[in-house]
Amino acid sequence: MARSTCSARLLIRTALLLSICFLLNPADAGRRGFRKNKHDGGEERRAQEDDEKGGRRVGRKERKRLDREKAVKFAQMKADGQDQISMTKEAAELRSYELRKKKKKGLFRRKEASLAQVLFPGASPEEYSEREPVPAFVEQVESKRTHLPFDFYDLPSCPEPAEKIQKRFRQRKNLGSRLMGYKLRMSPYNFPTKVDKGCTPLCVVEIGGKKLRWLRKLVDRQYRVHLTLDQLPLLMRSRELNYAVRGYPVGFKAPPTFTGLQEDEFYLYNHIKFTITYREEPNEFEGVRIIGFDAHPVSIDYRKEGEIKSLTQDTNLEAAGKADGFSGCQADSSPINDPESYLKLRSGSSGEPLNIGFSYEVHWQETDITWSDRWDVYLVGSPDDEIHYFAIVNSLMIVVFLTGAVATIMIRTLKKDIAGYNEMQTIEEAQEETGWKLVHGDVFRPPQSYPMLLCVLVGSGAQIGSAFFATLFASMLRMLNPIKKGQALTAVVVLYVFCGVIGGYVSARLYKFCDAKAWKRNTIATALAFPAVIVSMFMVLNIFLRIVGAATAVSFLTVFFIFLLWGCVATPLVFVGSYFGYRADKIEVPTKTNQIARFIPEVPYYAAPPISSMLAGMLPFGSVCIELFFIMSALWLHQLYYIMGFLLAVVAILGATCAQVSCVMCYLQLCVEDHRWWWKSFFNCASAGVYLFLYSIWFLASKLELVGILPVMVYLTYMSMISLAFSLFCGTVGYLSCFWFTRRIYGAVKVD
């Protein structure tokens, strides 16, 4: 019998080993296949090293030596003043070296890849034939100082082209893009492939009065115009200052020390020099691939260069063939920024309106930079991935600390208590119970105050958490394309609606445990409570956005669609989940509840809410505070955030932290004979949302430079929505963990 058992174990171990080998390398589960799979990462780098060493395989020591030589080489290039943002070969090599850690895919076996593969997996390049028009699209005109974006054609600008967007460049509008105010609209500029243009008159616009004052305000608040060409955002580069920034400013403000006046003077950029970098390689592909899209704005008053003739206002002169009347802009000229010819945003001496001539020029430059490396410049200066690793390590340290505390409670204290209680019950020596077992007859007494509200909050938190985890998984599986504007927000909204089944089920099961009868009211409250709060805040904010004409103001049709989605999809799904929740058996508990509630002794002020709840909420917030900075920067400082794997890991650590904090606090509460843990377990973790809102206020005061009351109101409104959702998620995890913990420990004790 023993031999057969040993043989069975040996067979099982062999099968498991073969299965693991097969999973690691399905093509060849043998030893050679395993070695091949183990060393298939970093092929490009090793191929380059093989070329350097004459085709000989480079060992680990030799590779380290080559890495040191590269570090010295690029450090010397930086010391010699080599920039990282230009389109030269040297700058591209330096960028690639600085971003080498970002150009890796995978968690444990990190494979080298391009940023195009990391940021936009599955995206393929577009090829354009010579003289083929390349469509450029205008996006929002926005500023970091207001977060109130406007549509490009709301500004004094040239009219929108009449031609329709080609089918291959169209993007369907989704709910997220409508909520964020993104509209795909053609720019007034024309970019035929490989066709250089000198100074090309575009249109003449007449502004004055209120429109002129509004334009001066946009310049004062540092608004920038954003365009895209072949899905590349427009860049302004400076080799001297070694920086690149997206978009070009509407204008600039000159202080009195520059103008000699008593107040600031405002100038408008009305001539744009576009530089399009392309790559042409007939042996690899046909046509031209766009590599870079840059702009250099110029302010020039054409009235000084030559009086603007009486041209048709608000007409595209290039399309109408009337460019010859623009005397100050000729095809063989290129305007420059000259203080003597800056265009002042000021009406005439007698109040007559200001005539502004808009123009542009285009230059095409060939480069050797590949299409896959064209995104490198957009991440220059962004935080390294190691900081995100440090954030995860910081969170893991908190989890390890809490795990040790929970293990001490579960293994040492609870095990000793349970063994002692069971022994006393066995030998009938227990004269009086002490500690947490003393409240076994009251610990599962349903909450006496607002049980429906508690069930609704927990159900809403379960729905939020499920939707967020589903969105992160979809992002990790590359089901969401970052190129498509608003797709992530659409996924969050749609998945939240479909997760109404989970919210209704959790709320119904808890409400049934509380022996409550108003199940219809509980279901309706679960379906309407959290969405009603969010939609109400959004609608009030939308009124103010509509008044100022912001691009993020939502139309009536979008509002109607949201209510339709809410009433016709989300609410019925909550009822479906509630139906199955009420049909399920009532949650069983290991002890009976006494008819009369036990008296609760008084505890010190620091051990009672709200102080105890605020102290407990520090740990869940501390586990995400580092990663939260990068998320806030992406939301409010227009930085790129693409590492969804890190975010999923941080959220998982947050859930573990909330669960462990809840268990520790619940045990300490039960030890002082306080059996009212229901609401306390929720607020112990939900208080992390308060810290998130306080953190957002600190971020507003220290990192943002918002101007005006409405931008601050927009920021605080959205952050209060996020903080509320964060609080509900953390409180739900804490509550459900505490419920499991109490059932677990009291189920191990023999109770009469």
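Anything mentioned here points back to the structure above.
Summarised in this report is the structure supplied together with it. (Residues numbered from 1 in each chain as written. Predicted model: local features only at pLDDT ≥ 70, side-chain atom pairs only at ≥ 80, totals over all residues. Heavy atoms only, no water.)

### Examining the overall build of the protein chain
Consideration 1: Secondary structure summary: the protein chain contains 23 helices and 15 strands in total.
Consideration 2: Residue burial in the protein chain is summarised as follows: out of 752 residues, 47% are buried.
Consideration 3: Sequence-distant contacts in the protein chain: of pairs separated by 6 or more residues, those separated by 24 or more amount to 79%. (Helix = DSSP H or I, 4+ residues; strand = E, 2+ residues; numbered from the N terminus. Buried < 20%, exposed > 50% of the residue type's maximum accessible area, 1.4 Å probe, protein only. Contact = heavy atoms within 4.5 Å.)

### Some words on the pattern of salt bridges
Any two side chains of opposite charge can pair, so long as their charged atoms come close to each other.
Consideration 1: According to the stated counting rule, one finds 16 salt bridges in the structure shown.
Consideration 2: Where R289 meets E127, a salt bridge forms, and the shortest distance between an N and an O atom there is 2.7 Å. Linking R289 in strand β14 (residues 289–298) with E127 in the loop between α6 (115–119) and β3 (136–142), this pair joins segments that are 162 residues apart in sequence.
Consideration 3: Assessed through its relative accessible area of 18%, R289 is described here as buried.
Consideration 4: For K680, the salt bridge goes to D674, with nearest N and O atoms at 2.3 Å.
Consideration 5: Taking the relative accessible area as the measure of exposure, K680 reaches 18% and is therefore buried.
Consideration 6: Judged by its relative accessible area of 4%, D674 falls in the buried class.
Consideration 7: Members of the salt-bridge network, linked through shared partners, are E62, R65 and E69. (Salt bridge = Lys/Arg side-chain N within 4 Å of Asp/Glu carboxyl O.)

### A look at unusual backbone geometry
Consideration 1: Its identity as a non-glycine residue notwithstanding, H147 has a phi of 55 degrees, on the positive side.
Consideration 2: With respect to the secondary-structure elements, H147 resides in the loop between β3 and α7 (175–180).
Consideration 3: Phi is positive for Y450, which is not a glycine, with a value near 50 degrees.
Consideration 4: Secondary-structure assignment places Y450 in the loop between α12 (385–427) and α13 (451–476).

### Some words on the pairing of strand β8 (residues 235–238)
Consideration 1: Pairing analysis gives 4 bridges linking β8 to strand β9 (residues 243–246), with the strands arranged antiparallel. If you follow L235 over to β9, its bridge partner there is R246.
Consideration 2: In textbook terms, the turn of a hairpin is the stretch between consecutive antiparallel strands, and for β8 and β9 this stretch comprises 4 residues, one of which, N242, has a positive phi near 55 degrees. (Pairing = 2+ DSSP bridges.)

### Describing the packing of aromatic side chains
Consideration 1: If you walk through the whole model with that rule in mind, you get 39 aromatic pairs.
Consideration 2: Taken together, a centroid distance of 6.4 Å and an interplanar angle of 70 degrees make the contact between F191 and Y360 edge-to-face. Of this pair, F191 sits in the loop between β4 (185–186) and β5 (197–207) while Y360 is found in strand β15 (residues 354–366), placing the two residues 169 residues apart along the sequence. We note that F191, like Y360, is buried.
Consideration 3: Relative to F630, the ring of F629 lies with its centre 5.9 Å away and its plane at 75 degrees, an arrangement referred to as edge-to-face.
Consideration 4: The exposure class assigned to F629 is partly exposed, which follows from its relative accessible area of 29%.
Consideration 5: An aromatic cluster of three or more residues is present, and its members are Y189, F191, F274, F293 and Y360. (Phe/Tyr/Trp six-rings, centres within 6.5 Å; stacked < 30°, edge-to-face > 60°.)

### Examining the packing of α13 against helix α20 (residues 644–671)
Consideration 1: α20 packs onto α13 with a crossing angle of 150 degrees between their chain directions and a minimal axis gap of 9 Å. Our classification of the angle between α13 and α20 gives roughly antiparallel. Note on packing geometry: the crossing formed by α13 with α20 is left-handed. Packed against α13, whose contacting residues are F468, F469, L472, F473, S475 and M476, the element α20 presents M644, G645, L647, L648, V651 and A652 at the interface.
Consideration 2: Looking at side-chain class alone, the contact of α13 with α20 contains 10 nonpolar, 2 polar and no charged residues. (Axes fitted to C-alpha atoms, helices over the stretch in contact; angles between N-to-C directions. Parallel < 35°, antiparallel > 145°, perpendicular 65-115°, else oblique. Left-handed = near helix turned anticlockwise from the far one by under 90°. Nonpolar A, V, L, I, M, F, W, Y, C, P; charged D, E, K, R; others polar.)

### Let's talk about a positive patch on the surface
Consideration 1: Together, K173, R178, K183 and R546 line one region of the surface with positive charge.
Consideration 2: Examined against the element boundaries, R546 turns out to sit in helix α16 (residues 519–548).
Consideration 3: By relative accessible area, R546 is classed as partly exposed at 47%. (Patch = residues over 30% accessible without salt bridge, like charges linked within 9 Å, V, L, I, M, F, W, Y side chains within 5 Å. Areas by Shrake-Rupley, 256 points an atom, 1.4 Å probe, with all protein chains shown as cover. Lys, Arg positive; Asp, Glu negative; His and termini not counted. Charge placed at Lys NZ, Arg CZ, Asp CG, Glu CD.)

### Thoughts on the state of the cysteines
Consideration 1: Tallied over the entire structure, the rule returns 2 disulfides.
Consideration 2: Covalently, C158 is tied to C203 through a disulfide, its sulfur atoms 1.9 Å apart. Disulfide C158-C203: torsion about the S-S bond near -80 degrees, hence left-handed. Of the two residues, C158 is situated in the loop between β3 and α7 and C203 in strand β5; the sequence distance between them amounts to 45 residues.
Consideration 3: A relative accessible area of 3% places C158 in the buried class.
Consideration 4: Through a disulfide, C199 is tied to C329; the S-S separation comes to 1.8 Å. One disulfide, between C199 and C329, carries an S-S torsion of -115 degrees and so falls in the left-handed class. On the criterion of sequence distance, the pair formed by C199 in strand β5 and C329 in the loop between α11 (317–320) and β15 is long-range, its members being 130 residues apart. (Disulfide = S-S within 2.5 Å.)

### Considerations on the packing of helix α18 (residues 611–622) against helix α22 (residues 688–702)
Consideration 1: One can describe the packing of α18 onto α22 by two numbers: an axis separation of 7 Å at closest approach and a directional angle of 65 degrees. As judged from the angle between their axes, α18 and α22 are roughly perpendicular. The handedness of the crossing between α18 and α22 is right-handed. On α22, the residues that touch M614, L615, G617, M618, P620 and F621 of α18 are A688, V690, Y691, L692 and Y695.
Consideration 2: For the contact of α18 with α22, the residue count by class is 10 nonpolar, 1 polar and no charged.

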